[in-house]
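Reading the structure
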Amino acid sequence: MYRYDEFDHTLVAERVAQFRDQVNRRVAGGLSEDEFKPLRLMNGLYLQLHAYMLRVAIPYGVLSAVQMRRLAHIARKYDKGYGHFTTRQNIQYNWPDLEDVPDILEELAEVEMHAIQTSGNCIRNVTADQFAGVAADEFDDPRVYAEIIRQWSTLHPEFSFLPRKFKIAITGAPNDRAAVKVHDIGLRMVAGPDGTPGFEVIVGGGQGRTPMIGYVVRDYLPVPQLLAYLEAVLRVYNQFGRRDNLYKARIKILVHETGKEEFTRLVEEEFAAMAGEDPPALPGAELARIRAYFQPPAYADLPATTPELDLALAGNRAFARWVKTAVAEHKQAGYAIVTISLKPIGGIPGDASAEEMDAVADLSERFGFGEIRVSHEQNLVLPDVPRRDLFALWQALDAAGLATANVGLVSDIIACPGLDYCNLANARSIPIAQEISERFADLDRQHDIGELKVKISGCINACGHHHVGHIGHIGILGVDRKGVEFYQVTLGGNATESAALGDIVGPSFSGEAITDAVETIVATYIDRRQAGERFLDTYRRIGMKPFKEALYAAH
Amino acid sequence: MAHSHQIVTANRLRDGAVVYLTAQGRWSETLACGAVVEEPAALADLLAQAERSVADRVVVAPYAFAVTPRADGPHPVQKREQIRAAGPTVHPQFGRATGLACAAE
Ligand code: HEM
Ligand code: SF4
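Residues numbered from 1 in each chain as written. Chains lettered and ligands numbered in written order. Predicted model: local features only at pLDDT ≥ 70, side-chain atom pairs only at ≥ 80, totals over all residues. Heavy atoms only, no water.

**Let's talk about the site of ligand 2**
- Around ligand 2, the neighbouring residues are Cys416, Pro417, Gly418, Cys422, Leu424, Ala425, Ser457, Gly458, Cys459, Asn461, Ala462 and Cys463 of chain A.
- Of the residues contributing to the shell around ligand 2, the split by class is eight nonpolar, four polar and no charged. (Near = heavy atom within 4 Å. Nonpolar A, V, L, I, M, F, W, Y, C, P; charged D, E, K, R; others polar.)

Listed below in structure tokens is the structure:
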């Protein structure tokens, strides 16, 4: 894992001191709200419906046990005992007092964390595959490059006032778990002509009110040219991106309005101008220095299975079911990647109590090397679990209420905070998620339905990713009709390699009717599916019409 | 106008809590303590007071919203304001009592 150097420590400490001073001046009258607001936003502090909200970055979703315990401590000491893990691999605290925030930031800085660039028109927390460095299907470790991008983009003077926020996602595996096609820039590691790793560069994806799938500006970018190329893209955006209209300011609109060919030409021209004959390259020594932080831990030579594990799998149905959903293949024989569902039936997606955070921190040490990941699906991940310990881990998780066997299934719902917390919301998201989760509580039924995601956003900003689902999905968007909450449903979207945006089924549903609508959609799929078909496959084969008919037949 | 009854609200500077401007010019956490006004002039008066509170660093972002007066107290017309008054619907333990008479103020 990356450790701060002297420079990082100083930078973050100075930033905390600066913000403490700004808060003091705000409270004492030296700063007006208009002056203070941009300053607090630069430190991740929002004002929501009921209170301030502090958004803390978890760079590319990687946390140590020590950091997780600190997050729990902060939840307990300064908040109401819980935090909310978001789809952008951040954690949000919903109730901090203004004057406590500098103390919180100081406590975070002690464990090498901060809230810088979690808001504002800058390059935000870089997100990555939550299985980075351990996935069996991985081509190269994206954390190395995510960290390089993080260092380069942190307080980058040229890119601190972009036309709008800017989000970069990176994956090192062909199975895209980082939704790279719906980010401002998506990077996917690929092999070059001679087999050396490089990046496919995807630009102009996004969600929000104008969802778009990004397009490939470069099939192959050699690793050493990464930052120079990103700089070229950002310069073109900084120069031509629209600052006149908030809703047209994202790079996706620029790409769309300029045209792909012309946009690519502009980027390549900028890149060539910067590069001259000799493209500016990442120094090999620097690359090696960063890579050294991500060396694999000291894996033991462990068996892929043991008689005890086989016995438990055969004899304990609940355990076997959990293994089926929670366990992913590790690149190291004898180890497994375990996803911990933060979606208990009827729970709040992504919320974790201080006790749960502490429990996960302990388990990451007992069953791994003290590392935890946060996934964009609002779950946690233990990356290095010895397979022979899976049963013991499951028992411990079960005791902590963290063993729901629903990862990837219909109750593994992504939901934004919605109108229960968010100032911009039209409708509530969380209660809808809770009701759907309760409706499908029966795990046998969930396993029968198979891979299907429900994603809920409380407004058009799409923080709940309702436009795109991992394996086909039901998207739910809250809309306001004369002060009453309504929900618009989309089907089919997919955030993976074959990214596609969902289609709207028809008129929206009331809060009372939305769970029934989801059930009707699922029933239609079960009714029409052919052997081996996932929801997405059936949807692609039969199209929207049968779903529409079932949904609106009665009306 | 359908909803001519209004209350002025804001968030408290120190903790962001939802507060309502009372007839005595104080800020209360209880919706029922908010001064309900009908006349544009009275509303302008409340908003002007609220702006002074902003300048005094007591609250931020004040605005008026519509309520329906009822026997048990004012009832916000919009869902958003109902939730602001009562707290997140998904965390009843952090909720606040609404619909109660204004006791303390
Ligand atoms: C509660 C305070 C929040 C506010 C005020 C907020 C605001 C916004 C806004 C205005 C946009 C649209 C940006 C655009 O289209 O240009 C957006 C997009 C987005 N937000 Fe949030 N958001 C909040 C919470 C969250 C949470 C909790 C998550 C994660 C669960 C999240 C993740 C995202 C994502 C993934 C997008 C879409 C990607 C994109 O930027 O195109 N946000 N947010
Ligand atoms: S989608 Fe809308 S309601 Fe949900 S968190 Fe984002 S801005 Fe708020």
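Right, picking up where we left off after that structure.
**Observations regarding the interface of chain A and chain B**
- Counting residues at the interface gives 31 residues for chain A, matched by 21 residues for chain B.
- Taken as a group, Arg26, Leu49 and His50 of chain A account for 23% of the area that chain A buries against chain B, more than any other trio of residues on that side.
- Taken together, chain A and chain B are joined by one salt bridge.
- Linking Arg14 of chain B and Glu99 of chain A is a salt bridge whose minimum nitrogen-to-oxygen distance equals 2.5 Å. (Contact = heavy atoms within 4.5 Å. Buried area = accessible area lost by both parts, 1.4 Å probe. Salt bridge = Lys/Arg side-chain N within 4 Å of Asp/Glu carboxyl O.)

**A look at unusual backbone geometry**
- The phi torsion at Gln89 of chain A lies on the positive side, around 55°, for a residue other than glycine.
- Positionally, Gln89 of chain A belongs in the loop between β4 (82-85) and β5 (90-93).
- Overall, Gln89 of chain A belongs to the buried group, its relative accessible area being 0%.
- With phi around 65°, Arg57 of chain B is a residue other than glycine that occupies positive phi space. (Helix = DSSP H or I, 4+ residues; strand = E, 2+ residues; numbered from the N terminus. Buried < 20%, exposed > 50% of the residue type's maximum accessible area, 1.4 Å probe, protein only.)

**Looking at the coordination of the iron atom of ligand 1**
- You will see that the iron atom of ligand 1 has only one donor from the protein, Cys463 of chain A (SG), lying 2.2 Å away.
- Mapped onto the elements of the fold, Cys463 of chain A is located in the loop between β17 (453-457) and β18 (473-481). (Donors = N, O, S within 2.8 Å, 3.2 Å for Na, K, Ca; no water.)

**Structural notes on the nonpolar core**
All names here are of chain A.
- Of all hydrophobic cores here, the largest spans 116 residues; its most connected members are Met68, Leu71, Tyr145, Leu187, Phe199, Phe263 and Trp322.
- For this core, the element with the most residues is helix α6 (residues 226-240), which contributes ten residues.
- For Phe263, the contacting residues outside a window of four places in its chain are Val203, Tyr215, Val217, Val233, Val236, Ile251, Leu254, Val255 and Thr258. (Core = buried A, V, L, I, M, F, W, Y, C linked by side-chain atoms within 4.5 Å.)

**Some points on the environment of Leu380 of chain A**
Residue and element names in this part refer to chain A.
- Here Leu380 is to be found in strand β15 (residues 380-386).
- By relative accessible area, which is 1% here, Leu380 ends up buried.
- Separated by 121 residues in the primary sequence, Leu380 and Gly259 have C-alpha atoms spaced 39 Å apart.
- If we skip the residues at most four places from it in the chain, Leu380 touches Met68, Phe85, Val338, Thr339, Ile340, Leu342, Val360, Ile372, Arg373 and Val374.

**Examining the side chain of His183 of chain A**
All names here are of chain A.
- Here His183 shows up in the loop between β7 (168-171) and β8 (185-191).
- In this structure His183 comes out as buried when scored by relative accessible area, which is 9%.
- In terms of polar contacts, His183 uses its side chain to reach the backbone carbonyl oxygen of Ala179, at 2.8 Å.
- Setting aside residues no more than four positions away along its own chain, His183 makes contact with Arg88, Thr127, Lys167, Ile168, Ala169, Ala178, Gly204, Gly205 and Gly206. (Polar contact = N/O pair within 3.5 Å; in protein donor to acceptor, adjacent residues only side chain to side chain.)

**A look at the site of ligand 1**
Residues and elements named next belong to chain A.
- In the region of ligand 1, 19 residues are neighbours, and Thr86, Thr87, Lys167, Arg250 and Cys463 sit closest.
- Between ligand 1 and Lys165, the relevant distance is 3.3 Å, taken from a nitrogen atom to a side-chain nitrogen or oxygen of the residue.
- Within the contact set of ligand 1, an oxygen atom lies 3.2 Å away from a backbone nitrogen or oxygen of Gln207.
- Its residues placed into classes, the shell around ligand 1 shows five nonpolar, eight polar and six charged.

**Details of the domain arrangement of chain A**
Residues and elements named next belong to chain A.
- Per the domain assignment, the segments of chain A are domain 1 (6-110), domain 2 (134-292), domain 3 (307-399) and domain 4 (414-552).
- Of note, the centres of domain 1 and domain 4, computed from C-alpha atoms alone, are 33 Å apart.
- Between domain 1 and domain 4, the contact holds ten residues from the first and ten residues from the second.
- Around 790 Å² of area is buried between domain 1 and domain 4 when both sides are counted, 51% of it from carbon and sulfur atoms.
- The largest per-residue losses of area from domain 1 upon contact with domain 4 belong to Gln48, Leu49 and Thr87, which jointly make up 57% of the total buried on that side.
- Scanning the region where domain 1 abuts domain 4 turns up zero salt bridges.
- Here domain 1 is connected to domain 4 by six residue pairs in polar contact (both at pLDDT 80 or more). (Domains from an automatic or database assignment.)

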